[in-house]
Amino acid sequence: MRILQIAPLWESVPPRAYGGTEAVVHVLVEELVRRGHEVTLCASGDSQTSARLQSCYPRSLRTAELETKAIYSWQHAALSLKDARKYDIIHNHAGEEVMALSHLVPGVPMLTTMHCLVTPDTQFVWDRYPGHYNTISRSQYAVMPKVAGGNYAGVVHNAIDVESFPFQSEKDDHLLFLSRISPEKGPHLAVEVARRCGKKLVMAGKVDPYDREFFENTIAPLIDGDQISFVGEADAQQKRDLYKAASCVLMPITWEEPFGLVMAEAQACGTPVIAFDRGAAAEIVRDGVTGFLVNSVQEMVAAVGRISEIDPRACRKHMEARFDNHVMASGYLDVYQAILDKTRGAVAGVALNREARQQAERPGGDPQPVLAA
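Residues numbered from 1 in each chain as written. Predicted model: local features only at pLDDT ≥ 70, side-chain atom pairs only at ≥ 80, totals over all residues. Heavy atoms only, no water.

## A word on the sheet that holds strand E5 (residues 110-114)
And step 1. Pairing in this open sheet of seven strands is parallel, and the strands run E3-E2-E1-E4-E5-E6-E7 from one edge to the other. In the strand order of this sheet, the two ends are held by strand E3 (52-54) and strand E7 (151-155), each with one partner. Averaged over all adjacent pairs, the angle separating strand axes in this sheet is 25°, with direction ignored.
And step 2. One ladder, built from three bridges, connects strand E2 (residues 38-42) with E3; its direction is parallel. Bridging from a neighbouring strand, Cys-42 pairs with Gln-54 of E3.
And step 3. Contacts between helix H1 (residues 20-34) and the sheet are confined to strand E1 (2-6), E2 and strand E4 (89-92), with E2 contributing the most and set at about 155° to the helix.
And step 4. Against the sheet, helix H2 (residues 70-80) engages E1, E2 and E3, with an angle of about 175° to E1. (Pairing = 2+ DSSP bridges. Helix = DSSP H or I, 4+ residues; strand = E, 2+ residues; numbered from the N terminus. Axes fitted to C-alpha atoms, helices over the stretch in contact; angles between N-to-C directions. Contact = heavy atoms within 4.5 Å.)

This is the structure we're talking about:
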């Protein structure tokens, strides 16, 4: 199958540190190439891939010193679709910019993976999108507003390369919070849990410009370098070292998070996750088996006291069975094939309709039934 994969331009593929979407795109592309498919990846020029790399800019926009970055992202979307007719299917991970331009390649089916939520500002594009889309969790679809455009292709969970995450059964006693440092991720609540438990908390995460005020005013005053420490944004190796050593990972999310790759990565290392039961948490964490699902700080504190009940090997096996890269790749290949079958069926229907009309319109011929497209 000839597959065009379009990643966002904001982070490289794979990301050097933070970048959930780009991490997912990377493991998907690598597995598709391994299975013998012809894949082109549209991403930043500093990306590393086994596929054919196509790029309009030599580096990720996050690392580029540009005053106006959005126009580069639009250019990326446009150039990614320039030769799209050479492919069997387009898989879009770059959101509404590519969706808005999808009308320019009507002959090639497009699948858009929803890595974020539909917002009032973006629904205009969704209502006019002619392609297909999938969600990365059941909970994401449940909170999605009704849109006029697009054909829903079902759920394909995100995944990781489980083998690349080191398993460790023996854990230290400290807690870990690893995420973007923003209000919806709940780092301030993780600190409160650690203080109530009397345990050390290691915090790691990216601080975006729009979260800088929150970090400086709310989080920084809580960091004492002893009980509460902050190590900055963790790269690929550092986060693996942090995951495998922690007694558990805290995920006190305050929003309906569509997936939460941290939960999968931690469990791959044999580290239990204690998460607020919101968004996709219940689809990733098996309550009482690979961690605990709770609804308040008080319940999270109580769950920390029960963490010894969780077998690290159960965490690892759960990830291997349901969230490994081969599982996700098989899921997407099934979706691709269903979309192609549907597209070919529609084309065949149009051809039959045209042939029937031509037959019916022949001079002197008996009227013939016209097949519906």
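## A look at unusual backbone geometry
And step 1. Residues Val-13 and Pro-14 are joined by a peptide bond in cis, for which omega reads -5°.
And step 2. Assignment of secondary structure puts Pro-14 in the loop between E1 and H1.

## Here we look at the sheet that holds strand E10 (residues 228-230)
And step 1. Strand order across the open sheet formed by six strands is E10-E9-E8-E11-E12-E13, with parallel pairing between neighbours. Looking at strand neighbours, the two that pair on one side only are E10 and strand E13 (291-294), the edges of this open sheet. Strand after strand, the sheet turns through a mean of 20° between neighbouring axes, direction not considered.
And step 2. Pairing of strand E9 (residues 201-204) with E10 involves three bridges; the strand directions are parallel. From the neighbouring strand, Met-203 faces E10, where its bridge partner is Phe-230.
And step 3. Across the sheet, helix H8 (residues 236-245) lies against strand E8 (175-178), E9 and strand E11 (248-251), angled at about 150° from E8, the strand it touches most.

## Digging into H2
And step 1. The complete set of buried residues in H2 reads Ser-73, His-76, Ala-77 and Ser-80. Summarising the axial view, the buried residues of H2 lie within an arc of 95°, below the 170-degree limit, and thus occupy one face. (Buried < 20%, exposed > 50% of the residue type's maximum accessible area, 1.4 Å probe, protein only. Arc of directions from axis to C-beta.)

## With respect to the side chain of Thr-113
And step 1. Its place among the elements puts Thr-113 in strand E5.
And step 2. A polar contact is formed between the side chain of Thr-113 and the side chain of Asn-134, at a distance of 2.8 Å. (Polar contact = N/O pair within 3.5 Å; in protein donor to acceptor, adjacent residues only side chain to side chain.)

Such coordinate-based values are descriptive only and should not be taken to indicate function.
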